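An overview of the molecular structure
The primary structure of each chain is shown beneath.
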Amino acid sequence: MKTWMRIIAVIVGLVPAAVAADGVRGTGDLGIVVERAAGSIQIVETTGRTSLGRVTGLGDLSHATAVFSRDGRHAYVFGRDGGLSKVDLLLARIEKRIIQAGNSIGGAISQDGALIAVANYEPGGVRVFDARTLEAVADIPAVWGEGGARSKVVGLVDLPGQRFAFTLYDAGEIWIADLADPKTPALVKHRGIGKLPYDGLVTPDGRYYLAGLFGEDGVALLDLWKPEEGVRRILGDYGRGAEKLPVYKMPHLRGWAKAGDLVFLPAIGRHEVLVVDARSWAEVARIPVHGQPVFVMARPDGRQVWVNFAHPLNDTVQVIDAARLKVVHAFKPGKAVLHMEFTPRGEQVWISVRDEDRVDVFDTRDFRRLASLPADKPSGILFAARAHRIGL
Amino acid sequence: MRIQDPHSEWWARRRNSRALAAIALAAALAAALPAASAADDGGLLPARARELAYLVRQDCGSCHGMTLKGGLGAPLLPEILAGKHEDALAAIILDGMPGTPMPPWRPLLTEAEAAWIVRALKEGLP
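Here the structure is a predicted model, which is why all the values come from computation and not from measurement.

About the cut-offs
Residues numbered from 1 in each chain as written. Chains lettered and ligands numbered in written order. Predicted model: local features only at pLDDT ≥ 70, side-chain atom pairs only at ≥ 80, totals over all residues. Heavy atoms only, no water. Helix = DSSP H or I, 4+ residues; strand = E, 2+ residues; numbered from the N terminus. Rg over C-alpha atoms; globule rule 2.2 N^0.38 Å. Buried < 20%, exposed > 50% of the residue type's maximum accessible area, 1.4 Å probe, protein only. Contact = heavy atoms within 4.5 Å. Areas by Shrake-Rupley, 256 points an atom, 1.4 Å probe, with all protein chains shown as cover. Lys, Arg positive; Asp, Glu negative; His and termini not counted. Charge placed at Lys NZ, Arg CZ, Asp CG, Glu CD. Axes fitted to C-alpha atoms, helices over the stretch in contact; angles between N-to-C directions. Left-handed = near helix turned anticlockwise from the far one by under 90°. Nonpolar A, V, L, I, M, F, W, Y, C, P; charged D, E, K, R; others polar. Pairing = 2+ DSSP bridges. pLDDT = per-residue confidence, 0-100. Bend = angle between axes of the 7 residues up to and from the residue. Buried area = accessible area lost by both parts, 1.4 Å probe. Salt bridge = Lys/Arg side-chain N within 4 Å of Asp/Glu carboxyl O. Polar contact = N/O pair within 3.5 Å; in protein donor to acceptor, adjacent residues only side chain to side chain.

Time to look at the overall build of chain A. Per the secondary structure count, chain A includes one helix and 34 strands. A globule of 392 residues ought to have a C-alpha radius of gyration of about 21 Å, and chain A, at 20 Å, matches this closely. Referenced to the eigenvectors of the C-alpha coordinate spread, the extents of chain A come out at roughly 65 × 50 × 35 Å. Per-residue burial over chain A gives 63% buried out of 392 residues. A fraction of 42% describes how many contacts in chain A between residues 6 or more apart in sequence connect residues 24 or more apart. Surface exposure of chain A reaches about 14,300 Å², of which carbon and sulfur atoms provide 52%. Of the charged side chains in chain A, 49 are positive and 45 negative; the average position of the first set lies 2 Å away from that of the second.

This part covers the packing of helix H2 (residues 46-64) of chain B against helix H5 (residues 111-123) of chain B. Residue and element names in this part refer to chain B. Taken N-terminus to C-terminus, the directions of H2 and H5 make an angle of 65°; their axes are 11 Å apart at the nearest point. Note that H2 runs across H5; the crossing there is right-handed. Every residue of H5 that contacts H2 at Arg-48, Ala-49, Leu-52, Ala-53 and Val-56 is listed here: Glu-113, Trp-116, Ile-117 and Leu-121. Broken down by class, the residue content of the contact of H2 with H5 amounts to seven nonpolar, no polar and two charged.

Turning our attention to the sheet that holds strand E24 (residues 272-277) of chain A. Hydrogen bonds along the backbone pair up the strands of a sheet, which may run parallel or antiparallel. All names here are of chain A. Spatially, E22-E23-E24-E25 is the arrangement adopted by the four strands of the open sheet, whose pairing is antiparallel. Strands with a single pairing partner mark the edges of an open sheet, and in this sheet they are strand E22 (258-259) and strand E25 (283-288). Examined bridge by bridge, E24 and E25 share five bridges and lie antiparallel to one another. Looking at the pairing, Val-273 lines up with Ile-287 of E25.

What follows concerns the confidence of the model for chain B. Residues and elements named next belong to chain B. Summing up the model confidence of chain B, the mean pLDDT is 78 and the portion of residues at 70 or higher is 67%. Counting interchain partners and residues more than four positions distant, the pLDDT-below-50 stretch residues 1-16 has 29 contacts. Below a pLDDT of 50 lies the segment residues 22-39, which in the model reaches 11 contacts outside its immediate sequence neighbourhood of four places, other chains included. Confidence metrics for the complex model read pTM 0.88 and ipTM 0.86.

Note: α-helices contain 3.6 residues per turn, so residues at a spacing of three or four share the same orientation. All names here are of chain B. Along H2, the largest kink reaches about 30° and is centred on Leu-55. Where H2 is concerned, the buried positions are Ala-49, Leu-52, Ala-53, Leu-55, Val-56, Gln-58, Asp-59, Cys-60, Gly-61, Ser-62, Cys-63 and His-64. For H2, the elements touching its buried residues are H5. Following H2 by one or two positions, Gly-65 adopts a phi angle in the positive range, close to 90°.

Further remarks concern the interface of chain A and chain B. Between chain A and chain B, the residue contacts involve 39 residues of the former and 33 residues of the latter. Interface area, chain A with chain B, both sides summed: about 2,900 Å², of which 56% is carbon and sulfur. The interface formed by chain A and chain B includes one salt bridge. We note a salt bridge from B:Asp59 to A:Arg354, for which the minimum N-O separation is 3.3 Å. In this structure, the connection of chain A to chain B is made through nine residue pairs in polar contact (both at pLDDT 80 or more).

Structure (structure tokens):
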């Protein structure tokens, strides 16, 4: 058995990465790097900061993302082309792959790890699959209004209690789906949340769901402990009627925006990061930054917040000190910085630099570059530790 | 390690250089205007045409999809654009679509470049 496993490990190239003498390794320090144009992912490890292998044949991975099984063994990769692929991180191979829709944007894994939900643009809605087999379990068409039109769905996240939350872009609605009975989802719809909600997030404790608005100022907020109070608007006047700057890339929201009691959010059409107090939801500060923020990500300990920017200012990364609410570091990793991912305890950040075909690894304490890995037009970097975080 | 304060001299220099770049861009735009109505390829150098094709796939692609079959933004495939007027499409690129996330690209593209992109999309992007 031991020999057999070692042979497998050698075949898939996992041996250099500090595999124990028995040929077995964990996945807690593994992750994937999406190679968006090539339709492949690299499997990487953050202890030795190396690439372990590549999995190809994943389709159109522009705007791809992934979630991880609760045992950390599998990544579920969501492709733009509606592809849902279950990838074995240790054997570096596709275990199962389906095309579940025509055009999709991302997904989530249920609290118990048994269900994978995918947010689709075409046909607009959410589809739910068995995490083990990828067999269809439920279909939730995002039908709204009078004529039976379907809305594009964004901001799909898992919630405690075997639920999912998501946002209807065209309709301006937030829906909560309870999948206690997986085949018959129970829906609660919150209507009229604002114009063109572009993405959503749930705070790491699973209590608050936020949807950022593109069509008007502000963010829609739902307290999931008090759903009867409905959705309210925060940051409703941050633009104060001022002419918006052009937004050449839509910002992204996820649960890493929370740092201590503060939530850091990208402004729309203003070169600012907005800071709100997560107890009162009042605005605390606006931090001037280099460009239109895309990802605003708190290091896991919350002390730093890293920001990247939309085209054409996307060669720069800035770091905000969460105690002083000021930019304390700025540097240029290279052209087209698309994504950043922290190691679980935040000592490293991995940054994809698309146009330079590189993923760079930085020490978050002194900002030294620790490593650089070649990658083909890298975009999303996602670490397996997300398996154990609500909303990721 | 270089700790930067947003109000430091380094940032002031950056702002200045961006202002200069904006002036240079405006000058380039003015210079390019006559070319817009002129030649087939709008007088674009092949290297610039390659840059534009890359821009459309990779950056326009963040909303319209890298294969241009659509995403949050509309699909931009030849069969979708067939029959749509080139000038109207170029105007959307240059001035955006108010009320939607489509931004105005006039600060970043000349009219000749927008016209080149419209033709390339209609013919199928290289």
